[in-house]
Number of protein chains: 2
Amino acid sequence: MISEQYKNMLSGKSVIRELFAYATKRGQEIGYENVFDYSLGNPSVPTPPEFTNTMIKMLTEMDPVALHGYSPTQGIGSVLEKIAASLNRKYNLGYTAKHIFPTTGAAGAVAHAVRAVSVPGDEIITFAPYFPEYGPYINLTGAVLKVVPANTEDFQINFEEFEKIINEKTAAVLINTPNNPSGVVYSTATIKQLASVLNRKAQEYNHDIYLISDEPYREIVFAGVDAPYVSKFYDNTIVCYSFSKSLSLPGERIGYVAVNPACKDGELIIAMCGQISRGIGHNCPPSIIQLAMAEVVDMTADLSVYEKNANILYKELSNLGFTCVKPGGTFYIFPKALEEDAAAFSKKALKYDLILVPSDSFGCPGYFRMAYCIETQKVERSLSALRKFVETEYR
Amino acid sequence: MISEQYKNMLSGKSVIRELFAYATKRGQEIGYENVFDYSLGNPSVPTPPEFTNTMIKMLTEMDPVALHGYSPTQGIGSVLEKIAASLNRKYNLGYTAKHIFPTTGAAGAVAHAVRAVSVPGDEIITFAPYFPEYGPYINLTGAVLKVVPANTEDFQINFEEFEKIINEKTAAVLINTPNNPSGVVYSTATIKQLASVLNRKAQEYNHDIYLISDEPYREIVFAGVDAPYVSKFYDNTIVCYSFSKSLSLPGERIGYVAVNPACKDGELIIAMCGQISRGIGHNCPPSIIQLAMAEVVDMTADLSVYEKNANILYKELSNLGFTCVKPGGTFYIFPKALEEDAAAFSKKALKYDLILVPSDSFGCPGYFRMAYCIETQKVERSLSALRKFVETEYR
């Protein structure tokens, strides 16, 4: 029988993807350079040449049978070791290959982590505003996503509401810092308080509560911002990482799960990830992508453009009277819309060829997200459209 | 809570992978060239140089931001069109991009197809001997795998037993031809009879029954063998294809789902595949692999070595008195073991550095599989070990 579950998902397709499709179509009419497309988090800076050169070198010099052969179920050993060593250079927590599992980006990592530490009926808590794809990632495992309302003051965690929602069925808490869509980085104080609540509740409920830390924007943190490494503050932390943003490789689908070496059942969770991959017919990311990534694991693309764009937009949005928390990282900014209905606001913006994503699907109505991973020159050109939009529609 | 389901899978790990691990370890002791490793279906011939050259050209000439950007949810349009055109050149069934979804090999394709056409509790029927990974692929969707006992006469379908097992809960039938592990290709007569049963039963039960045709070995068919294209004989056919064997790219995880253009709800099934990918956090195979594959979609590696090896082994096994159906394709042969307990037989073979996979996990006890995707010269060298094994242990 055709699965109604997946069939029904078709009518709930991603608003972001649909706006992006609109922007592409509009670009064909007026030239894409004239569409101020802030819809999609697709990095705008090239991958480091070292990645490209490594790929070419492997293709040129390696035996193709070895290069393109099956990856072991748990990933290519040398790749896991290089990821562990890189994490140890940065955070010194004693990672080994047994703590790492390679995945198709952070999305794949979250999907694996949730399957490993929950059973159907368990609850996974996240905090608004949150990445809307968490809905399908979590709910299709049989676990249930619970959302803590946003703290719109500063987009740190709303602990009062969190304590109302956490309960015995909570298997894991899923955080995303630096955050998509708010651009905010959780402070050390926030992470410490979160760890403290989780430790207290785990004891109260007499079972482990895992902290799944979705960190695709870990390397995109702006000057002077406090950006703690979550695993240092809570033993049962499972990091979900992606090279999509740091190496500008979103289409190549490469990332990893890294369990904190102090994590309860951590090595078991990693071994289970291999079995979860079997179940979805996946069997590790492509060998060549694993191998090439491992050679440039410590590098990043030139990420400085994102901070530059953030500053330009934050200044202009503030000048125009928007309520807006200053981003601490990522390439997103999340201002309050100028009317209650963010969808209506975003629709009006289309008249000015401004593609702004309304916040409803992020679990925080009344806001909009701008993904400013575009050229600075285009950000600057968009400012007059932004001014015209605000002045015409809301003055 | 840690998922017991995945935890328990760890104790049921693949026998094939474990034998391969043994062979690798033994190779470190005596030199891998002296281990007659017939365990793993890892192609032994290089990918065509055109694939390598295409990869290098794209890496050298394309804008890296475009090259490594996100694939659309349904796959890269130009890639889908090239796959459809290639299928039409070969089979002329009128495929378009809307009938194709790119996946991580045939494994990913089967995992998607089953999720699309079944709901938990539905039954999926396959025929022994069968690829043991079908167990996790099917059972983790919530559907239930039912296995029709083998027709050991010629390893075509045992229709008498099939008719006993098919019932109202049957959502799909999963076949694999050319077959792993038997090496047999289902004949036109077999496919016609299968289609006839399915049409009759679909009418009787008043619901569609899909035929999921797992075809990673489609291009490896030996001289003079009748190898029908399954979709031509049954409208509701969903092809699961992989370039792992045809292009010798098993580690790069690239394949597709192709619904027969005449398939009921076919385009819907393809659209649903995009949603299924979302749910597993996968989001299409890597962009660069999709793009490079599409450029060489009609090519294959030099597959002639497999037929050569098949002939050498079939002849020697027959001489040694093994009961053995002659392979019509693939790189597997599936003789009857010389004692009832195939695991005991395979264990004894290890003494002669022969790595033979016992057939229990293929749902057909008492046989063993040899994956002869190794150098012909090594196959020839293995013959004396094979003779010595048989003569010492069973004469």
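Residues numbered from 1 in each chain as written. Chains lettered and ligands numbered in written order. Predicted model: local features only at pLDDT ≥ 70, side-chain atom pairs only at ≥ 80, totals over all residues. Heavy atoms only, no water.

Participant: Where do I start with the overall build of chain A in this structure?
Facilitator: On a plain count of helices and strands, chain A comes out with 14 helices and twelve strands. Relative to the 2.2 N^0.38 estimate, which gives 21 Å for 395 residues, the radius of gyration of chain A is 21 Å and therefore close to what a compact globule would have. A principal-axis box enclosing the C-alpha atoms of chain A has dimensions of 60 × 60 × 55 Å. When burial is assessed residue by residue, chain A has 63% of its 395 residues classed as buried. Intrachain contacts of chain A at a sequence separation of at least 6 include 75% that bridge at least 24 residues. When the accessible surface of chain A is split by element, carbon and sulfur atoms take 50% of a total near 14000 Å². A gap of 3 Å separates the mean positions of the 36 positive and 42 negative side-chain charges of chain A. (Helix = DSSP H or I, 4+ residues; strand = E, 2+ residues; numbered from the N terminus. Rg over C-alpha atoms; globule rule 2.2 N^0.38 Å. Buried < 20%, exposed > 50% of the residue type's maximum accessible area, 1.4 Å probe, protein only. Contact = heavy atoms within 4.5 Å. Areas by Shrake-Rupley, 256 points an atom, 1.4 Å probe, with all protein chains shown as cover. Lys, Arg positive; Asp, Glu negative; His and termini not counted. Charge placed at Lys NZ, Arg CZ, Asp CG, Glu CD.)

Participant: For this particular structure, what's the right way to read the confidence of the model for chain A?
Facilitator: In low-pLDDT segments, the atomic positions of the prediction should not be examined closely. For chain A, the average pLDDT comes to 96, and 100% of its residues sit at 70 or higher. For this predicted complex, the interface score ipTM comes out at 0.94, alongside a pTM of 0.95. (pLDDT = per-residue confidence, 0-100.)

Participant: Explain the nonpolar core to me, please; I cannot follow it from the model alone.
Facilitator: General note: in soluble globular proteins, nonpolar side chains tend to be found buried as a group. Ranked by internal contacts, the top residues of the largest apolar core, which has 62 residues, are A:Met55 and B:Met55. Filtering out sequence-adjacent residues up to four positions away, A:Met55 remains in contact with A:Ile288, A:Ile289, A:Ala292, B:Met55, B:Leu59 and B:Ile288. (Core = buried A, V, L, I, M, F, W, Y, C linked by side-chain atoms within 4.5 Å.)

Participant: How should the side chain of B:Glu316 be read in this particular structure?
Facilitator: Residues and elements named next belong to chain B. Examined against the element boundaries, Glu-316 turns out to sit in helix α12 (residues 304–319). Assessed through its relative accessible area of 12%, Glu-316 is described here as buried. Not counting chain neighbours up to four residues away, the residues in contact with Glu-316 comprise Leu-383, Leu-386 and Arg-387.

Participant: Just to check I follow, could you spell out the pattern of salt bridges for this structure?
Facilitator: Opposite charge on two side chains allows them to pair when their charged atoms are near. Inspection of the entire model under this criterion finds 34 salt bridges over all chains. The partner of B:Glu339 in a salt bridge is B:Lys348, and the shortest N-O contact between them spans 2.8 Å. (Salt bridge = Lys/Arg side-chain N within 4 Å of Asp/Glu carboxyl O.)

Participant: Explain helix α11 (residues 287–295) of chain B to me, please; I cannot follow it from the model alone.
Facilitator: Since the α-helix packs 3.6 residues into each turn, any two residues three or four apart lie on the same face. Counting buried positions along α11(B) yields eight of nine residues, so the element is predominantly enclosed. Buried within α11(B) we find B:Ser287, B:Ile288, B:Ile289, B:Gln290, B:Leu291, B:Ala292, B:Met293 and B:Ala294. Residues of α11(B) that are buried in the fold lie against α3 (49–61) and α11 (287–295) of chain A together with α3 (49–61), α4 (64–67), α5 (77–91) and β2 (100–103) of chain B.

Participant: Before we go on, may I ask you to explain the relation of the copies chain A and chain B in this structure?
Facilitator: Turning one copy of the chain about an axis and sliding it along that axis gives the other copy, so a rotation and a shift relate them. Of the transformation placing chain A onto chain B, the axial shift is 0.0 Å and the rotation is 180°, giving an RMSD of 0.0 Å. The relationship between the two copies is best expressed as a two-fold rotation axis. Among all C-alpha atoms of chain A, that of A:Ile56 lies closest to the rotation axis, at 2.8 Å. The overlap is high: 100% of the interface residues of chain A also sit at the interface in chain B, so the same surface is used on both sides. (Least-squares fit on C-alpha atoms with pLDDT ≥ 70 in both.)

Participant: Looking at this structure, I do not really get empty space enclosed by the protein. What am I missing?
Facilitator: To find leftover empty space, a probe the size of one water molecule is rolled over the atoms. All names here are of chain A. Inspection of the entire model under this criterion finds three cavities of 30 Å³ or more. Quantified by volume, the largest cavity comes out at close to 50 Å³. Around the largest cavity sit Ile-83, Ser-86, Leu-87, Lys-90, Arg-218, Glu-219, Tyr-241, Phe-243, Tyr-256 and Val-297, which together line it. Taken together, the residues of the lining of the largest cavity sort by class into six nonpolar, one polar and three charged. (1 Å grid on protein atoms, 1.4 Å probe; cavity = no way out; pocket = protein on both sides within 12 Å on 5 of 7 lines; lining within 4 Å. Points joined across faces, edges and corners; volume = space filled by probe spheres on them. Nonpolar A, V, L, I, M, F, W, Y, C, P; charged D, E, K, R; others polar.)

Participant: What is the right way to look at the sheet that holds strand β8 (residues 255–259) of chain B in this model?
Facilitator: Sheets are built from strands that pair by backbone hydrogen bonding, the pairs being arranged parallel or antiparallel. Residues and elements named next belong to chain B. A sheet is described by the order of its strands in space; here seven strands give the open sequence β2-β8-β7-β6-β5-β3-β4, paired in mixed fashion. With one partner strand each, in any of the chains shown, β2 and β4 (144–148) form the two edges of the open sheet. The mean angle between the axes of side-by-side strands here comes to 20°, regardless of whether they run parallel or antiparallel. One ladder, built from five bridges, connects strand β3 (residues 123–127) with β4; its direction is parallel. Across the sheet, the residue bridging to Thr-126 is Val-147, located in β4. Contacts from helix α9 (residues 188–205) reach β3, β5 (170–176) and β6 (210–214), with the element oriented near 175° to β5. (Pairing = 2+ DSSP bridges. Axes fitted to C-alpha atoms, helices over the stretch in contact; angles between N-to-C directions.)

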